[in-house]
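# Inside the fold
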Amino acid sequence: MSSDPRDEIVTHLPALRAFAFSLTRNFALADDMVQDTLVKAWTKINTFEQGTNMRAWLFTILRNTYYSNRRKAGREVSDAEGVFTESLSEKPAHDGRLQMNDFRRAFVQLTDEQREALILVGAQGFSYEEAAETCGVAVGTIKSRVNRARARLAELLNLDEDDRLEMTDQATMAVVSGARPSGALG
């Protein structure tokens, strides 16, 4: 007897919310996108193929929702001085705070495609194949985006090969280093 695929959806909510936030950099908008994604997934659950990757299917719906919304909006909110970015999270109360701020400023300078690839492969722990499927591109394209994004981050952060960024956030470290965050699926 096969289980209802709708039962699995709830297990992916934290990852969906984190991915939505990484795309929008706005908690309220991210929550709205996750809700839209869930409504679309729920109403189209009959198109989900049992035995395939539910997480990748949901992330694809979320990603498509994000790009559809961007096309509709027709413009992006400018945050050149980082005022909005600074208000998004609580700063850690240790020495890594400055490096985290530097990382945030560098991360928002990446292209949407590079940020998306780093979040999927680095922070969310997707395999290159899963990320490629989610984004609708070739595996080589994802690998290229990740490598170029990491190189660009290293350049923006003035990191040499021997330098190490000291942060407590494992997902951020995974984005920069290529190591999977603990607890990541994939």
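Residues numbered from 1 in each chain as written. Predicted model: local features only at pLDDT ≥ 70, side-chain atom pairs only at ≥ 80, totals over all residues. Heavy atoms only, no water.

## A short note on the pattern of salt bridges
All chains considered together, the criterion is met by 7 salt bridges. Residue aspartate 102 pairs with arginine 105 through a salt bridge whose shortest N-O separation is 2.9 Å. Taken together, the residues span about one helical turn, with aspartate 102 and arginine 105 both in helix H6 (residues 96-107) at a distance of 3 residues. By relative accessible area, arginine 105 is classed as partly exposed at 40%. (Salt bridge = Lys/Arg side-chain N within 4 Å of Asp/Glu carboxyl O. Helix = DSSP H or I, 4+ residues; strand = E, 2+ residues; numbered from the N terminus. Buried < 20%, exposed > 50% of the residue type's maximum accessible area, 1.4 Å probe, protein only.)

## Description of the packing of aromatic side chains
For the coordinates displayed, the defined rule picks out 6 aromatic pairs. Here tyrosine 66 and tyrosine 67 contribute two aromatic rings whose centre-to-centre distance is 5.0 Å and whose plane-to-plane angle is 70°, an arrangement assigned as edge-to-face. Take tyrosine 66 and tyrosine 67: they sit in the same class, and that class is buried. Centroid distance phenylalanine 103 to phenylalanine 107: 5.5 Å. Interplanar angle 20°. Geometry classified as stacked. One end of the pair, phenylalanine 103, and the other, phenylalanine 107, are both in helix H6, 4 residues apart, so they sit about a helical turn from each other. For phenylalanine 107, a relative accessible area of 11% corresponds to the buried category. If you follow arginine 6 out to its NZ or CZ, it ends over the ring of tryptophan 42, 5.2 Å from the centre. (Phe/Tyr/Trp six-rings, centres within 6.5 Å; stacked < 30°, edge-to-face > 60°. Lys NZ or Arg CZ within 6 Å of the ring centre and 35° of its normal.)

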